[in-house]
Amino acid sequence: MVARVSIQAADFDVAAEIAALRAGDGGVGAVCSFIGTVRDRSEGSAVSAMELEHYPGMTEKAIEQMIDEAFRRFDIRAARVIHRVGPLQVHDQIVLVAVTSAHRGQSFQACEFLMDYLKTQAPFWKKESTPDGERWVDARVADDAALARWGITSSNS
């Protein structure tokens, strides 16, 4: 059985992860995935790199709870979240959210739900390197609004 959550410094192979998530489940009719990458701009400034930190143990537990909630809300068969930590460069993959279900609608919704939840509730801290120096990134109002449409109030406000 594939682990549902991995927090790691190493990059991930999207095709291998999705193949593992689908393996042995003939009821899978849809797979939805989201891959987040490091951008070269943020809030109007150039970004050359970023660093992600987390609270080991607490982060994995929080994401496991998010996945449990996705299973309660949507008719999905499996879910996988990989989130990288440590130093990352522009174009690097940061996060993978992959969900399987019998039909596409449930996979799309669950994938989007998990990503909205991750952006606001998972205990990660992001530091960007810009021409003006390093800066810690706060949660964005737009991310809180995205979570609110699922009936969840962000604890970041």
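Anything mentioned here points back to the structure above.
Residues numbered from 1 in each chain as written. Predicted model: local features only at pLDDT ≥ 70, side-chain atom pairs only at ≥ 80, totals over all residues. Heavy atoms only, no water.

Enquirer: I keep staring at the side chain of E128 and nothing clicks. Help me out?
Expert: Along the polypeptide, E128 turns up in strand β9 (residues 124-130). A residue is classified by how much of its surface remains accessible, and E128, at 2% relative accessible area, is buried. Among the polar contacts listed, one links the side chain of E128 to the side chain of S42, at a separation of 3.0 Å. (Helix = DSSP H or I, 4+ residues; strand = E, 2+ residues; numbered from the N terminus. Buried < 20%, exposed > 50% of the residue type's maximum accessible area, 1.4 Å probe, protein only. Polar contact = N/O pair within 3.5 Å; in protein donor to acceptor, adjacent residues only side chain to side chain.)

Enquirer: Looking at this structure, I do not really get the nonpolar core. What am I missing?
Expert: Inside soluble globular proteins, nonpolar side chains tend to come together where they are buried. I63, M66, V97, V99, L114 and L118 are the most contacted members of the largest nonpolar core, which totals 31 residues. Among the elements that take part in this core, helix α3 (residues 104-121) stands out by supplying seven residues, more than any other. Setting aside anything within four residues of it in sequence, one finds M66 in contact with F113, L114, Y117, L118, Q121 and A122. One finds F12, I18, I82 and A98 within the second-largest nonpolar core, a separate group that totals eight residues. (Core = buried A, V, L, I, M, F, W, Y, C linked by side-chain atoms within 4.5 Å. Contact = heavy atoms within 4.5 Å.)

Enquirer: Sorry if this is basic, but what is going on with the environment of A98 here?
Expert: Among the secondary structure elements, A98 is positioned in strand β8 (residues 93-101). Along the chain, A98 and F34 lie 64 residues apart, while their C-alpha atoms are 6.5 Å from each other. Not counting residues within four places of it along the chain, the set of residues in contact with A98 comprises I18, L21, C32, S33, A78, A79 and R80.

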